[in-house]
Amino acid sequence: MDSPLCCSRLLFSFLFLFLSFLNYYHSNPQILAAAVGVISQENGYGEWRSATATFTRGTATATVRGGACGFGDLRKSGYGMNSAAVSSALFARGGACGGCFELRCVDHILWCLNGSPSVVVTATDFCAPNYGLPGDDGGWCNYPREHFEMSEAAFVQIARRKADVVPVQYRRVQCERIGGMRFTITGKSFFHQVLISNVGSDGEIAAVKVKGSRTGWIPMGRNWGQNWQCEADLRDQPLSFEITSSRGRTITSYNVAPSSWQFGQTFEGKQFQQYRD
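Rules behind the numbers
- Residues numbered from 1 in each chain as written.
- Predicted model: local features only at pLDDT ≥ 70, side-chain atom pairs only at ≥ 80, totals over all residues.
- Heavy atoms only, no water.
- UniProt positions renumbered as here; feature names shortened; annotations may be inferred.
- Pairing = 2+ DSSP bridges.
- Helix = DSSP H or I, 4+ residues; strand = E, 2+ residues; numbered from the N terminus.
- Axes fitted to C-alpha atoms, helices over the stretch in contact; angles between N-to-C directions.
- Buried < 20%, exposed > 50% of the residue type's maximum accessible area, 1.4 Å probe, protein only.
- Polar contact = N/O pair within 3.5 Å; in protein donor to acceptor, adjacent residues only side chain to side chain.
- Salt bridge = Lys/Arg side-chain N within 4 Å of Asp/Glu carboxyl O.
- Contact = heavy atoms within 4.5 Å.
- Disulfide = S-S within 2.5 Å.

- The chain has the name Expansin in an unreviewed UniProt entry, where Canna indica is given as its organism.
- Within the UniProt record for the chain, the comment given under Sequence similarities (unreviewed entry) is "Belongs to the expansin family. Expansin A subfamily."
- The record in UniProt for the chain states the following under Function (unreviewed entry): "Causes loosening and extension of plant cell walls by disrupting non-covalent bonding between cellulose microfibrils and matrix glucans. No enzymatic activity has been found."

Next up, the structure:
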């Protein structure tokens, strides 16, 4: 049996190490924040969660054309027809734009397809709440419900078209894109805005910086959806972009746009490589 003196020494050693740990991270809060961010992102990636799903009929809806993320016609922008509007609990004020979700219909013998096949959709729009209706009867997108308003093309891959609302499971997955990220430049004079689309890997963007040949790196703020802005006159100089994904991965595309670029033009930069979870 251990003596009281031995136990006291072990307790003292443990307390010393614990206090040293706290002191280190107190002096380096950015390291602690990064560590916590990585842990939370890892835990939230690939885990199946419960939600509900409905769909919008046709191909001329906001879920397929336009939408709160600003991607425009999804067939032209490279996202295809497998898309969805997500409720505010998932939309994160535009932070979810471009993110990919795998969905499968579950626990409904009438509406779910046999074997519960899954489909991967891209978040391209916001499903607005309707607080005039209860969350379980029409107000599917009311906070804090997690809901997907899917395109018809995506919905019929997991459930029968005659279905209304179906229970689903979803999880975040990597986005598989063809080609590089696309930068569509808009704005005027001292107002510079860029729409970033066709983002692989995470699909979501957390931070953007732009640099001209006569400037340093300028942080850009989210205007709406996946449109980012800054107040700077960047005309007549080549432009470079630094993109940071939601999981903290950063990629830099130098001289994406030549000095002769014009507002309304789209240019292609580097692409995030796939990674293993």
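### Here we look at the sheet that holds strand S3 (residues 100-105)
Phase 1 of the analysis: In spatial order, the strands read S1-S5-S2-S4-S3-S6; together these six strands close into a barrel with mixed pairing. Sheet twist, expressed as the mean angle between neighbouring strand axes with direction ignored, is 45 degrees.
Phase 2 of the analysis: Two strands pair when backbone bridges link them, and strand S1 (residues 49-56) and strand S5 (residues 147-151) are joined in this way by five bridges, in the parallel orientation. Following the sheet pairing, Phe55 is matched in S5 by Met150.

### Re the side chain of Ser151
Phase 1 of the analysis: Within the fold, Ser151 resides in strand S5.
Phase 2 of the analysis: A relative accessible area of 1% places Ser151 in the buried class.
Phase 3 of the analysis: At 2.6 Å, the side chain of Ser151 and the backbone oxygen of Met81 are in polar contact.

### Concerning the pairing of S5
Phase 1 of the analysis: Counting buried positions along S5 gives five out of five residues, so the element sits mostly inside the fold.
Phase 2 of the analysis: Where strand S2 (residues 83-86) and S5 come together, three bridges link them in antiparallel fashion. Of the residues in S5, the one forming a bridge with Val86 is Phe148.

### A closer look at the sheet that holds strand S9 (residues 205-212)
Phase 1 of the analysis: Read from one edge of the open sheet, eight strands run S13-S12-S9-S10-S11-S8-S7-S14, paired in antiparallel fashion. Every interior strand has two partners, whereas the edge strands, strand S13 (250-257) and strand S14 (266-268), have only one. Averaged over all pairs of adjacent strands, the angle between strand axes in this sheet comes to 30 degrees, irrespective of strand direction.
Phase 2 of the analysis: Inspection of the sheet shows strand S8 (residues 191-197) paired to strand S11 (residues 227-231) by five bridges, in the antiparallel sense. For Phe191, the partnering residue across the bridge sits in S11 and is Glu231.

### Observations concerning the pattern of salt bridges
Phase 1 of the analysis: Going through the model one piece at a time under the given rule, you end up with six salt bridges.
Phase 2 of the analysis: Salt-bridge contacts for Arg171 lead to Glu102; the nearest nitrogen and oxygen are separated by 2.9 Å. Here Arg171 is found in strand S6 (residues 166-173), whereas its partner Glu102 is found in strand S3, with 69 residues between them in sequence.
Phase 3 of the analysis: Ionic pairing is found between Asp233 and Arg235, a salt bridge with its closest N-O pair at 2.9 Å.

### Some points on the side chain of Asn227
Phase 1 of the analysis: One can find Asn227 in strand S11.
Phase 2 of the analysis: Those residues within four positions of Asn227 in sequence are excluded, and the remaining contacts are Cys69, Gly70, Gln193, Val194, Leu195, Gly221 and Arg222.

### Notes on the state of the cysteines
Phase 1 of the analysis: For the structure shown, the criterion picks out four disulfides.
Phase 2 of the analysis: Here Cys100 pairs with Cys175 through a disulfide, and the sulfurs are 2.1 Å apart. Handedness here is read from the sign of the S-S torsion; for Cys100 and Cys175, about 125 degrees, the answer is right-handed. Here the residue Cys100 occupies a position in strand S3, and Cys175 occupies one in the loop between S6 and strand S7 (182-188), the gap between them amounting to 75 residues. The residues Cys100 and Cys175 share a single accessibility class, namely buried.
Phase 3 of the analysis: Here Cys127 engages in a disulfide with Cys141; their sulfurs sit 1.9 Å apart. Negative torsions about the S-S bond denote left-handed disulfides, and the value of about 85 degrees found for Cys127 with Cys141 makes this one right-handed. Of this pair, Cys127 sits in the loop between strand S4 (118-126) and S5 while Cys141 sits in the loop between S4 and S5, placing them 14 residues apart in sequence. This pair shows no difference in class: Cys127 is buried, exactly as Cys141 is.
Phase 4 of the analysis: For the chain, numbering the cysteines in disulfides from first to last along the sequence yields the connectivity 1-2, 3-8, 4-5, 6-7.

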